[in-house]
Amino acid sequence: MIKKTLISLMATTILSGTAMAQGATNGLVIGGQIGYAKFVPWSKIYGHLNNGGAYLGGILGYNFALNKKLSIGLETGINYGNRMSKGFPAGVEVHTNLLNIPIMAVINYYPTGNGFNIFIKNGVAYNRQEEISSDTSQISSVTTSQWRYIAAAGIGYQIQNFNVFTQYTYLFAKKWNDASSSDTNTNAMNAWTAGITYTIPM
């Protein structure tokens, strides 16, 4: 369902893109994204029978155009994964939320000059993973925070200063099925998102 929605969004944007594309430009980039994310690989530990949830966030960055087809830049933001896993160990509901703040280098490439673009991102992210229990008679939450490598790649279509995109993100971390009750590592994650950015020329 989500994959069909991402493809439909890209197709609609391309077909309606009558405005002139600008290619790579210098400027401040702001935007947002929304989609689906899950821990990988998944196994039924801690009684968590469901894996995956909504994932959304904001984007802030700066691009420096080397020419009309190529730009480099830096990007940060804040992303939140809601109820990334959920289960009922011993009859008690437990779910996991994830917040991450990436700092990434970005390369944007505009191969055709008609607005279509390809991008890759690589860097590190601060991750705050919280496991929350509904049993208030015991410890109600356990929080783990760590810095981890993160990478992303995607495609977009530019209309004037707007860029509509779809992106795949991978967070390098402890594998979900390697965790234990005493584990202090955050988990690896896949995310598929769609979003839009706006570049303020500078």
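Residues numbered from 1 in each chain as written. Predicted model: local features only at pLDDT ≥ 70, side-chain atom pairs only at ≥ 80, totals over all residues. Heavy atoms only, no water.

(A) Main features of the overall build of the protein. Along the backbone of the protein there are one helix and nine strands. Helices (α) and strands (β) of the protein occur, in sequence order from the N terminus, as α-β-β-β-β-β-β-β-β-β. Per-residue burial over the protein gives 44% buried out of 202 residues. For the protein, the share of sequence-separated contacts (at least 6 apart) that also reach a separation of at least 24 residues comes to 64%. (Helix = DSSP H or I, 4+ residues; strand = E, 2+ residues; numbered from the N terminus. Buried < 20%, exposed > 50% of the residue type's maximum accessible area, 1.4 Å probe, protein only. Contact = heavy atoms within 4.5 Å.)

(B) View of the packing of aromatic side chains. Evaluation of the coordinates by the stated rule reveals six aromatic pairs. Aromatic side chains tyrosine 170 and phenylalanine 172 sit 4.7 Å apart centroid to centroid with 80° between the ring planes, which places their arrangement in the edge-to-face category. Connected via pairs of aromatic rings, a cluster forms that spans Tyr36, Tyr168 and Trp192. Here the guanidinium or amino end of lysine 121 rests over the ring plane of phenylalanine 165, the centre of that ring lying 5.8 Å away. (Phe/Tyr/Trp six-rings, centres within 6.5 Å; stacked < 30°, edge-to-face > 60°. Lys NZ or Arg CZ within 6 Å of the ring centre and 35° of its normal.)

(C) Layout of the pairing of strand S4 (residues 70-87). Relative to S4, strand S3 (residues 53-65) runs antiparallel, the two sharing eleven bridges. Counterpart to glycine 58 in the pairing with S4 is isoleucine 78. Between the antiparallel neighbours S3 and S4 lie four residues. Bridge analysis of S4 against strand S5 (residues 94-109) gives 13 bridges, and the strand direction is antiparallel. Looking across to S5, one finds that glutamate 75 is bridged to methionine 104. (Pairing = 2+ DSSP bridges.)

(D) Layout of the nonpolar core. Counting eleven residues, the largest nonpolar core is built from Ala37, Phe39, Tyr55, Met84, Leu98, Met104, Ala125, Ile150, Leu171, Met189 and Ala191. Not counting residues within four places of it along the chain, the set of residues in contact with methionine 104 comprises Gly73, Leu74, Glu75, Lys121, Asn122, Gly123 and Ile150. (Core = buried A, V, L, I, M, F, W, Y, C linked by side-chain atoms within 4.5 Å.)

(E) Just the environment of isoleucine 200, in detail. Along the chain, isoleucine 200 turns up in strand S9 (residues 189-201). Look at isoleucine 200 and you get partly exposed, because its relative accessible area is 33%. Here the alpha-carbon distance between isoleucine 200 and leucine 28, two residues 172 residues apart in the chain, equals 5.1 Å. Here isoleucine 200 is in contact with Asn26, Gly27, Leu28 and Ile30, once residues within four sequence places are set aside.

(F) Structural view of empty space enclosed by the protein. Applying the stated criterion across every chain, the model contains two cavities of 30 Å³ or more. Here the largest cavity defines a volume of roughly 280 Å³. Lining the largest cavity are 22 residues, with Val29, Asn63, Asn108, Asn163 and Thr197 positioned closest to its centre. Considering every element that reaches the lining of the largest cavity, the biggest residue donor is S3, with four residues. Tallied by class, the residues present in the lining of the largest cavity amount to nine nonpolar, eleven polar and two charged. Of the pockets and cavities examined, the second largest cavity occupies roughly 80 Å³. If you trace the second largest cavity, you find 13 residues lining it, with Gln33, Asn79, Pro102, Met104 and Gln167 closest to the centre. (1 Å grid on protein atoms, 1.4 Å probe; cavity = no way out; pocket = protein on both sides within 12 Å on 5 of 7 lines; lining within 4 Å. Points joined across faces, edges and corners; volume = space filled by probe spheres on them. Nonpolar A, V, L, I, M, F, W, Y, C, P; charged D, E, K, R; others polar.)

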